Amino acid sequence: MASLRPSSRCLLRHLKGDAFFRVQGLSRSLSSLSLSSLNSWGSAVKQERSSKCDGTDFDGTFCGGGSSNCGQSVLGIRKLNTSATESQTQLEHDVPTPAGYTAPPSPLRSYSPVLSGFSVLPTAGIPAGLSPPSEVGRFSLESLGREMSNRLSLGRLEETIQLFEDWVKVPDLDGKSKIPNLMVYNLLLHAKLRIGADPRNLLQIVKEMEMNGVKPNLLTYNFLLRAVFRHRNSFMAENILERMKKSGPEAQPDGDAYNFVIVLCALDRRLGTAMKHLQDMYDGGYVPSKTTYNELVLAATRSLRTRVAVSVLKEMKKHNVVPQLQNIVELAVAATEVDDSECSLLALRFLTETELRKSARNLTMDEGSVLAILSCAARTSDADLSKEAWNMLLNSLRDTKPPQPACYLARIHALSAAGDFDTAFSTLHEMQTAHSDSQKTDTEMLSPFSSLRPLVLACTRGGAAALDAAYYKLAEMHSQAKPVALAAINCVIQGCSNIWDYDRAYQTFESIGTTFSLIPDVHSCNALLDAFGKNRRTAEVLQIYKYMEEMQIKPDFRTYNLLIDAHVVNRDAQAALDAVDSMVKAGHSPSRETIRNIHRRCLKEGDEERRKEVDRLARKFGYRDFGVYINRWQEIGRLA
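What counts and how
Residues numbered from 1 in each chain as written. Predicted model: local features only at pLDDT ≥ 70, side-chain atom pairs only at ≥ 80, totals over all residues. Heavy atoms only, no water. Helix = DSSP H or I, 4+ residues; strand = E, 2+ residues; numbered from the N terminus. Buried < 20%, exposed > 50% of the residue type's maximum accessible area, 1.4 Å probe, protein only. Contact = heavy atoms within 4.5 Å. UniProt positions renumbered as here; feature names shortened; annotations may be inferred. Core = buried A, V, L, I, M, F, W, Y, C linked by side-chain atoms within 4.5 Å. Salt bridge = Lys/Arg side-chain N within 4 Å of Asp/Glu carboxyl O. Patch = residues over 30% accessible without salt bridge, like charges linked within 9 Å, V, L, I, M, F, W, Y side chains within 5 Å. Areas by Shrake-Rupley, 256 points an atom, 1.4 Å probe, with all protein chains shown as cover. Lys, Arg positive; Asp, Glu negative; His and termini not counted. Charge placed at Lys NZ, Arg CZ, Asp CG, Glu CD. Axes fitted to C-alpha atoms, helices over the stretch in contact; angles between N-to-C directions. Parallel < 35°, antiparallel > 145°, perpendicular 65-115°, else oblique. Left-handed = near helix turned anticlockwise from the far one by under 90°. Nonpolar A, V, L, I, M, F, W, Y, C, P; charged D, E, K, R; others polar. Phe/Tyr/Trp six-rings, centres within 6.5 Å; stacked < 30°, edge-to-face > 60°. Lys NZ or Arg CZ within 6 Å of the ring centre and 35° of its normal. pLDDT = per-residue confidence, 0-100. Expected span 1.5 Å × (residues − 1). Arc of directions from axis to C-beta. Polar contact = N/O pair within 3.5 Å; in protein donor to acceptor, adjacent residues only side chain to side chain. Disulfide = S-S within 2.5 Å.

## Quick notes on the overall build of the chain
Per the secondary structure count, the chain includes 33 helices and zero strands. The 640 residues of the chain split such that 48% are buried. In the chain, the proportion of contacts linking residues at least 24 apart, taken out of those at least 6 apart, comes to 67%.

## Regarding the UniProt feature "repeat: PPR" (unreviewed entry) in the chain
Mapped onto the present numbering, the UniProt feature "repeat: PPR" (unreviewed entry) falls on residues 181-216, 217-251, 289-323, 521-555 and 556-590. Between the end C-alpha atoms of residues 181-216 the distance is 10 Å, and the span holds 72% helix and 0% strand.

## Description of unusual backbone geometry
Backbone geometry places Trp500, a non-glycine residue, at a positive phi of 60°. You can see Trp500 is positioned in the loop between helix 25 (486-498) and helix 26 (502-514). Positioned with a positive phi, Arg536 is a non-glycine residue whose angle comes to about 60°. With respect to the helices, strands and loops of the structure, Arg536 is situated in the loop between helix 27 (522-534) and helix 28 (538-550).

## Description of the nonpolar core
If you look at soluble globular proteins, the nonpolar side chains tend to sit buried side by side. Leu428, Leu474 and Ile598 are the most contacted members of the largest nonpolar core, which totals 161 residues. Beyond its immediate chain neighbours, meaning those up to four positions away, Ile598 contacts Ile564, Val568, Ala576, Leu577, Val580 and Val614.

## Considering the pattern of salt bridges
With the rule as written, the count across this model stands at 30 salt bridges. The partner of Arg349 in a salt bridge is Glu388, and the shortest N-O contact between them spans 4.0 Å. Of this pair, Arg349 sits in helix 17 (residues 341-353) while Glu388 is found in helix 20 (residues 383-397), placing the two residues 39 residues apart along the sequence. Salt-bridge contacts for Lys534 lead to Asp530; the nearest nitrogen and oxygen are separated by 3.4 Å. Placement of both Lys534 and Asp530 in helix 27 is noted, with a separation of four residues, approximately one turn of the helix. Exposure remark for Lys534: the relative accessible area of 28% places this residue in the partly exposed category. One salt-bridge network, in which partners are shared between bridges, spans Glu147, Arg151, Arg156 and Glu159.

## Some thoughts on the side chain of Asn294
Position of Asn294 relative to the elements: it lies in helix 14 (residues 290-302). Of the residues examined, Asn294 reaches a relative accessible area of 5% and is grouped as buried.

## Here's the deal with a positive patch on the surface
On the surface, Arg536, Arg571, Arg600 and Lys604 cluster together into a patch of positive charge. Secondary-structure assignment places Arg600 in helix 31 (residues 592-605). Judged by relative accessible area, which is 32%, Arg600 ranks as partly exposed.

## Details of the environment of Leu173
Of note, Leu173 is situated in the loop between helix 7 (157-169) and helix 8 (182-194). Distance from Leu173 to Arg138, taken between C-alpha atoms, is 9.4 Å for residues 35 residues apart in sequence.

## Looking at the packing of helix 31 against helix 32 (residues 608-620)
Two elements in contact, helix 31 and helix 32, have axes whose closest approach is 9 Å; the angle formed by their N-to-C orientations is 160°. Taken together, the axes of helix 31 and helix 32 are roughly antiparallel relative to one another. Judged by the sense of rotation from one axis to the other, the crossing of helix 31 with helix 32 is left-handed. Each of Ile595, Ile598, His599, Cys602 and Leu603 in helix 31 lies in contact with helix 32, whose residues at this interface are Arg610, Arg611, Val614, Asp615, Leu617 and Ala618. A per-class count over the contact of helix 31 with helix 32 returns seven nonpolar, one polar and three charged.

## Comments concerning the packing of aromatic side chains
Enumeration according to the criterion identifies 12 aromatic pairs in this entry. Considering the side-chain rings of Phe421 and Phe425, the 6.0 Å spacing of their centres and the 35° angle between planes classify their relative orientation as tilted. Here the residue Phe421 and the residue Phe425 both occupy positions in helix 22 (residues 421-434), the gap between them amounting to four residues, near one helical turn. Phe425 carries the same exposure label as Phe421, and that label is buried. In this structure an aromatic cluster arises from ring pairing among Tyr471, Tyr472 and Phe516. The lysine or arginine in question, Arg232, covers the ring of Phe229, its NZ or CZ lying 5.8 Å from the ring centre. In this arrangement the basic side chain of Arg270 is found over the ring face of Phe235, its NZ or CZ atom lying 4.0 Å from the centre.

## Quick word on the confidence of the model for the chain
Summarising the model, the chain shows a mean pLDDT of 78, and 74% of its residues fall at 70 or more. Across residues 1-129 the pLDDT falls below 50, and counting only partners more than four positions away or on other chains, this stretch makes 182 contacts in the model.

## Examining helix 9 (residues 199-211)
Note that an α-helix has 3.6 residues per turn; residues three or four places apart therefore point the same way. Helix length check: helix 9, at 13 residues, gives a terminal C-alpha distance of 18 Å against a target of 18 Å (1.5 Å per residue), a fit within 8%. Among the residues of helix 9, those classed as buried are Pro199, Leu202, Leu203, Ile205, Val206 and Met209. End-on view of helix 9: buried residues confined to an arc of 155°, all on one side of the axis. Across from the buried face of helix 9, at angles greater than 90 degrees, the exposed residues are Arg200 and Met211. Where helix 9 starts, the residue carrying a side-chain oxygen 2.9 Å from the main-chain nitrogen of Arg200 turns out to be Asp198.

## Concerning the state of the cysteines
In a disulfide, the sulfur atoms of two cysteines are covalently bonded to one another. Taken as a whole and judged by the stated rule, the model has zero disulfides. Cysteine Cys496 remains unbridged, with the sulfur of Cys459 as its closest cysteine sulfur at 9.7 Å. Relative accessible area serves as the criterion here: at 0%, Cys496 is assigned to the buried category.

## Regarding the packing of helix 19 (residues 367-380) against helix 20
Across the interface, helix 19 lies against helix 20 with an axial gap of 9 Å and an inter-helix angle of 165°. When the axis of helix 19 is compared with that of helix 20, the two are roughly antiparallel. Crossing angle aside, the handedness with which helix 19 passes helix 20 is left-handed. Residues Glu367, Val370, Ile373, Leu374, Cys376 and Ala377 of helix 19 form the contact with helix 20, whose participating residues are Leu385, Ser386, Ala389, Trp390, Leu393 and Leu397.

## What about the side chain of Thr220?
Structurally, Thr220 is set in helix 10 (residues 218-230). On the accessibility criterion, Thr220 (0% relative accessible area) is buried. Beyond its immediate sequence surroundings of up to four residues, Thr220 is in contact with Leu182, Asn186, Leu189, Val206 and Met209.

## Quick notes on helix 7
Helix length check: helix 7, at 13 residues, gives a terminal C-alpha distance of 19 Å against a target of 18 Å (1.5 Å per residue), a fit within 8%. Inspection of helix 7 places Leu157, Thr160, Ile161, Leu163, Phe164, Asp166 and Trp167 among the buried residues, and these make up the whole buried set.

Laid out in structure tokens, this is it:
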């Protein structure tokens, strides 16, 4: 083949002499090249191109002498110009257009990730159509590389692969098999990648390269990783990454290689391996891409590995990387399943303290998700998480309606568990005001025996001193003209009952009207009934029951149960049965436990007549297991 022009030899000299882009020029860097290094390198390229060629090659031969050594290049990589127009203009100026040749339209070079690494070189008189194998076999490596690059840039992938196969089939002048160089192999891998070839096919090509003495470079391995990424095989990607680490300096992993492997491991929920490669990436001086961070957060969220998610979020905040909004919302809710309040708090603060606050301003979280976060704050006694979740809930509702009672209760429990009784009592009054109509149908909404039991336990955690502190806090709020909820006073009365202090409970009950100017309700009376009943103060229990009738306070299901339990403790089975009759007339049904307690009392007292009446009540309400207890007591009597 005729010798190349001096201008082409100068271009090949630039191609051959650039060691920087041999490693990083053709790989799309999601994280690696900084702007300053790219600008400085571009300036160096301009300065180098502005200098004139001295007419000699690296081996000292004259460029215009037609030496066969001048046109050989094993890198197959061009330098990246700072302007595509400048590169095209210089090429057209250096290489004159042959007579009768019509230049094809400029192909698009936006194909990601590696098409920008190849330029459309002049064909130097080679026909545009696919040449016969005999003619292709006479191409030099440089001509073959240019032709494959042109067809690859035009999207003619099958022709690119066919060119390579036809060139390899024809032996050289000595009758030996031809050995492609690194550039030709990389072009072949690129074409195989774009047609969606199996990764094992690309691995076979790489093995052939190594058998022919051609060492793969970073671009080669990145082609393999992209093919493996398309088929979602994290184990194969890890093997390729290990091979890159064991290779020479021209094939060490870059930011792209780590990003591909970490994302694949995250997609396969192999978080331990992904975090190991993430640390290796940091050690290599690379910063993961935003996609890599988001995939790690999503994988940790759906695997309930919230501690991993917290560490990734901290790294994102350190490197000023903004996560995806939906991932953060999902993480905040998922952390509640493992009671990780720190993770939920960090996720909510990401929504309010980072750049996500602009998009989170119009975010609407469903009330159930916020309730889960508030419940997590209550279980972990995290007042900060409760505050953040409550603000998110109010922002989502946008003053269209008040929060549901369950959300109020979860916030009250979280605040009381954290010791913030001021805010807890204020929230309780707000709930009592917002849902005053619902209390008529749902009597258990503000009951200290059920829904407000966590607040009662928080008040009694320190014994009588803690109850006195809670009472004086309510009195202080009243003296400052702040509203005081009756439900809060009821919780103090029930707390006194829990420590069996009926005297303190009665004094607190009396202060409802004298100090706070409120009227006791059924929950106030029930709490006092419980305190007197535990201490066998049956006379006081009957007085409270009579007081309820005088004040026209309608007894509820719990009132009758407390009255029956007081008679059972006082060993009065007949009075307990009379209370059961009153309960049934009021439209309530006694529970199995209540009937069982009366039945046991009759057996212990030897009252056979009352026992038969209790059996009749048990059959009436469908409780059929009391014969077991009869046999047990008979057995105990025989043994005695």
